[in-house]
Amino acid sequence: MNHAHTPTPHHGASHGHHEQTEGQAEILDLDAEVLAEHTASITAWLPLQSDPHHIVDLGCGTGAGTFALLDRFPDAHVTAVDTSAEHLQRLRTKACALGVQERVRTVQADLDEAAWPDLGSPDLVWASASMHHMAHPDRALRAVHDTLAPGGLFAVVELAGHPRFLPADAPAERPGLEERVHAAADRLQSEHMPHRGADWGPMLTAAGFTIEGERTIVVNLDGTRSEAIGRYATGVLQRIRSVIADRLSSEDLTALDRLLDTGSPHSILRRDDLTVRTERTVWAVRRN
């Protein structure tokens, strides 16, 4: 799955596939680092009847969920599934560096295909920021239901939208810039991913699951706590810019480029008022 929370540029002559994938992977890694505490709180909250032994991470990206789950459940092994060979290679490299390669199996697969790979009978399936990328989510949810062991748990984690980083009155020459950038991105994404921001509860129930719990976690991190936040903000906004530049006014595009110029005194990296603001909603559902 395309696991990033940012728009994906259209492949074309001016975009190299490797550069796109590498840029996306870096954002996923930063996302994992910046939101690590919140991810850990979600894994600790899951209403499990017993510790899982086999976990499937659907749309695993570069492994944010995989490694959080391996850390939370030291006796478990994870099958990590993604469409991107590059992301899976990055995940395997990390697993080796952490010494957990024996506990990880990677599977490259497009989960929009009607026939899924054999993923065994996991006790827990985890899908973070991946379900809204599905062209046929109802079909995918039924496939998860049929894959899970009886009594197994399915955790769906979704972000409300792109994270916000700047104050409302920033930058000084174009107040409200970030909201206009996000509005343009949201309009674009609604055309391609109508299920982003959806209430997954009714769809999960329709697929045969019983809802065991739902919670929303509010993320509000001060940018001074980690230098990674500046790099995260830059990466996210650069990626958004790559697909909505033609939807911005020339004044907004100029102001955005000043923020994204890492060598400029106006760079995001030099601001002391950054925050990470978003919400993550989790649905925990059981196959009876």
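In this report, the structure presented in the accompanying data block is examined. The written sequence of each chain sets the order in which its residues are numbered from 1. Since the coordinates come from a predicted model, pLDDT governs what is reported: local features require at least 70, and pairs of side-chain atoms require 80 or more to be given and counted, while whole-chain, interface and lining totals use all residues. To obtain the side-chain values, all non-hydrogen atoms of the structure were included, while hydrogens and water were left out.

**Overview of the overall build of the protein chain**
Here comes step 1: Helix and strand content of the protein chain: 9 helices and 7 strands.
Here comes step 2: A total of 288 residues make up the protein chain; the buried ones form 53% of that total.
Here comes step 3: Here, residues are in contact when the closest pair of their heavy atoms is within 4.5 Å. Partitioning the intrachain contacts of the protein chain with sequence separation of at least 6 by distance along the chain shows that 78% fall at a separation of at least 24.
Here comes step 4: Accessibility throughout is a Shrake-Rupley quantity obtained with a 1.4 Å probe, and a residue counts as covered only by protein chains that appear here. Just so you have it, the protein chain exposes about 12,500 Å², and 49% of that area is on carbon and sulfur atoms. Helix numbers and strand numbers start at the N terminus; a helix is a DSSP run of H or I with at least 4 residues, a strand a run of E with at least 2. Note on exposure labels: buried denotes an accessible area under 20% of the residue type's maximum, exposed denotes more than 50%, and partly exposed covers the range between, all computed with a 1.4 Å probe on protein chains only.

**Considerations on the pairing of strand 7 (residues 275-286)**
Here comes step 1: The buried count for strand 7 comes to 10 of 12 residues, which makes it a mostly enclosed element.
Here comes step 2: Pairing of strand 5 (residues 153-159) with strand 7, which is carried by 7 bridges, proceeds in the antiparallel orientation. For Val157, the partnering residue across the bridge sits in strand 7 and is Val282. Two strands pair if DSSP finds at least two bridges between them.

**Some words on the pattern of salt bridges**
Here comes step 1: Salt bridge, as applied in this entry: a Lys or Arg side-chain nitrogen positioned within 4 Å of an Asp or Glu carboxyl oxygen. Applying the stated rule across the entire model yields 11 salt bridges.
Here comes step 2: Note that Asp257 and Arg241 form a salt bridge whose closest N and O atoms lie 2.5 Å from each other. Placement of the pair is Asp257 in helix 9 (residues 250-260) and Arg241 in helix 8 (residues 228-244), with a sequence separation of 16 residues.
Here comes step 3: Residue classification places Asp257 among the partly exposed positions, given a relative accessible area of 31%.
Here comes step 4: One connected set of salt bridges, linked through shared partners, spans Asp29, Arg90 and Lys94.

**Examining the sheet that holds strand 4 (residues 124-128)**
Here comes step 1: What the 7 strands build is an open sheet, ordered 3-2-1-4-5-7-6; its pairing is mixed. Each of the sheet's edge strands pairs with one partner strand only, and the pair in question is strand 3 (104-108) and strand 6 (210-222). The average angle at which neighbouring strand axes cross in this sheet is 15°, direction not considered.
Here comes step 2: Sheet topology places strand 1 (residues 54-58) next to strand 2 (residues 77-82); 5 bridges connect them, and they run parallel. In the strand pairing of strand 2, Leu58 is matched with Val81.
Here comes step 3: Against the sheet, helix 2 (residues 36-45) contacts strand 4, strand 5, strand 6 and strand 7, and its axis sits at roughly 160° relative to strand 6.
Here comes step 4: Working convention: axes come from line fits to C-alpha atoms, limited for helices to the stretch in contact. Angles between N-to-C directions cover 0 to 180 degrees. Of the strands in this sheet, strand 2 and strand 3 touch helix 4 (residues 85-98), which is tilted by about 175° from strand 3.

**A look at the nonpolar core**
Here comes step 1: Here, nonpolar core refers to any group of buried Ala, Val, Leu, Ile, Met, Phe, Trp, Tyr and Cys residues whose side-chain atoms link them within 4.5 Å. Counting residues in each nonpolar core, the largest one holds 32 residues, and the members touching the most others are Val34, Val181, Tyr232, Ile244 and Val276.
Here comes step 2: Of all elements in the fold, only helix 1 (17-34), helix 6 (177-192), strand 6, helix 8 and helix 9 reach the threshold of two or more residues within this core.
Here comes step 3: With 9 residues, the single largest contributor to this core is helix 8.
Here comes step 4: Sequence-distant contacts of Ile244, that is, excluding residues within four places in its chain, are made with Val181, Ala184, Ala185 and Leu188.
Here comes step 5: Formed by 26 residues, the second largest nonpolar core is a distinct cluster that contains Ala143, Val144, Leu148 and Ala207.

**Some points on helix 8**
Here comes step 1: How far a helix is expected to stretch is found by multiplying one less than its residue total by 1.5 Å. Between its terminal C-alpha atoms helix 8 stretches 24 Å, which fits the 24 Å expected from 17 residues at 1.5 Å a residue.
Here comes step 2: Among the 17 residues of helix 8, 13 are classified as buried, and the element is accordingly described as predominantly covered.

**Concerning the side chain of Thr79**
Here comes step 1: Structurally, the position occupied by Thr79 is in strand 2.
Here comes step 2: Residue Thr79 is classed as buried on the basis of its relative accessible area, which comes to 1%.
Here comes step 3: By the criterion applied in these results, polar contacts are pairs of N or O atoms within 3.5 Å in which, for protein atoms, one can donate a hydrogen and the other can accept it, and in which residues neighboring in sequence qualify only through two side-chain atoms. There is a polar contact of 2.9 Å between the side chain of Thr79 and the side chain of His54.
Here comes step 4: When sequence neighbours within four positions are dropped, the list of residues in contact with Thr79 reads His54, Ile55, Val56, Asp57, Arg105, Val107 and Leu119.

**What to know about helix 2**
Here comes step 1: Within helix 2, burial applies to His38, Thr39, Ile42 and Thr43. For helix 2, the buried positions fall inside an angular range of 140° around the axis, keeping them on one side.
Here comes step 2: The secondary structure elements touched by the buried residues of helix 2 are helix 3 (64-72), strand 4, strand 5, strand 6 and strand 7. Summarising the geometry, the arc corresponds to the directions from the helix axis toward the C-beta atoms.

**Points about the packing of aromatic side chains**
Here comes step 1: Stacked, tilted and edge-to-face are the three classes assigned to paired rings of Phe, Tyr and Trp, where Trp is represented by its six-membered ring and a pair needs centres within 6.5 Å; plane angles under 30 degrees give stacked, over 60 edge-to-face, the rest tilted. Evaluation of the coordinates by the stated rule reveals 2 aromatic pairs.
Here comes step 2: Judged by centre distance (5.5 Å) and plane angle (40°), the rings of Phe154 and Phe209 are tilted. Remark: Phe209 occurs in the loop between helix 7 (200-206) and strand 6 and Phe154 occurs in strand 5; sequence separation between them is 55 residues.
Here comes step 3: Given a relative accessible area of 3%, Phe209 falls into the buried group.
Here comes step 4: Ring geometry for Phe165 against Tyr232: centres 5.5 Å apart, planes inclined by 90°, an arrangement best described as edge-to-face. One end of the pair, Phe165, is in the loop between strand 5 and helix 6; the other, Tyr232, is in helix 8, and 67 residues separate them in sequence.
Here comes step 5: Residue classification places Phe165 among the buried residues on the basis of a relative accessible area of 0%.

Read these as geometric descriptors, not functional statements.
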